[in-house]
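Observations on the three-dimensional arrangement
These are the residues of each chain, in order.
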Amino acid sequence: TLADGNTIDFIRIQGTPGDAIFGNGVNGATISNCEIADLTNNGSGIQDDRATGTWTVTGNRMTNVNSIGVALSGQTGDNLVAIISDNVITGSRNGAIGFDYVQTGTVRAQITGNTMTGTTNAGATFEAATAGSADICLDITGNTNDDAYRLSQRDTATTRVEQVSQL
């Protein structure tokens with residue numbers, strides 16, 4: 001379980017009965033060079049239900065994650081800056097990377113150099129969803145992806161993408 005500003009580096013987590021790395025309202029984290037494998041019971045590799053601050057997720061390898069590789073969400077007042085780069089996420093049941101922000105949450109994210117393959121359920125390997133007046137701005141470039149990018153909005157929310165040439 002993460003706390004504000006934690007750094008997790010060079011660990012291996014295998015076969016957990018839920019999320020491998022979990023936070024709830026964590027303000028900034030760095031997760032790098034970790035190996036996460038074979039999660040059960042609908043667990044995500046990295047998940048925070050109210051992610052804020054600056055998150056750096058880089059150089060990780062995730063295989064056979066029973067839910068989503070990296071799942072970050074937020075709501076009213078949650079402001080996130082995410083740098084998700086150079087990860088290899090394969091065999092995730094519900095996608096490799098997902099953002100879900102509602103109400104007045106905002107995300108500014110750079111998604112670069114990731115390999116996202118082998119999503120086993122129908123859907124998307126990468127997803128960004130908004131609702132209310134939430135705002136997600138993405139810079140997506142240089143990724144390898146064998147499935148769809150899903151950018152969705154409910155209500156009047158906006159999802160903007162910069163660097164669309166790599167999609």
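Structure shown above.
These lines cover the structure that appears in this document, whether it is placed above or below. Computed from a prediction, not measured in an experiment: that's the story for all the values here.

The next thing to look at is the layout of surface pockets. Of the pockets and cavities examined, the largest pocket occupies roughly 230 Å³. Secondary-structure elements contributing two or more residues to the lining of the largest pocket are β6 (46–48), β9 (70–74), β12 (97–101) and β15 (126–130). Per-class residue counts for the lining of the largest pocket are nine nonpolar, seven polar and five charged.

With that out of the way, let us pick up the pairing of strand β4 (residues 27–32). The pairing of strand β1 (residues 7–9) with β4 spans three bridges and is parallel. Bridge pairing in β4 places Ile8 opposite Ile31. Pairing between β4 and strand β7 (residues 52–58): five bridges, direction parallel. Across the sheet, residue Thr30 finds its bridge partner in β7, namely Thr56.

Turning to the nonpolar core, a few remarks are in order. Trp55, Ile97 and Phe99 are the most contacted members of the largest nonpolar core, which has 37 residues in total. Elements that contribute at least two residues to this core include exactly β4, β7, β9, β10 (79–85), β12, β13 (106–112), β15 and β16 (135–141). Contact partners of Trp55, with chain neighbours within four places excluded, come to Leu2, Val26, Gly28, Ala29, Ile31, Ile46, Asp48, Leu72, Leu80, Val81, Ala82 and Ile83.

Below, the discussion takes up the environment of Ala129. Residue placement: Ala129 occurs in strand β15. Separated by 42 residues in the primary sequence, Ala129 and Asn87 place their C-alpha atoms 21 Å from one another. Here Ala129 is in contact with Phe99, Asp100, Tyr101, Ile136, Ser152 and Arg154, once residues within four sequence places are set aside.

Each value, and the rule that gives it
Residues numbered from 1 in each chain as written. Predicted model: local features only at pLDDT ≥ 70, side-chain atom pairs only at ≥ 80, totals over all residues. Heavy atoms only, no water. 1 Å grid on protein atoms, 1.4 Å probe; cavity = no way out; pocket = protein on both sides within 12 Å on 5 of 7 lines; lining within 4 Å. Points joined across faces, edges and corners; volume = space filled by probe spheres on them. Helix = DSSP H or I, 4+ residues; strand = E, 2+ residues; numbered from the N terminus. Nonpolar A, V, L, I, M, F, W, Y, C, P; charged D, E, K, R; others polar. Pairing = 2+ DSSP bridges. Core = buried A, V, L, I, M, F, W, Y, C linked by side-chain atoms within 4.5 Å. Buried < 20%, exposed > 50% of the residue type's maximum accessible area, 1.4 Å probe, protein only. Contact = heavy atoms within 4.5 Å.

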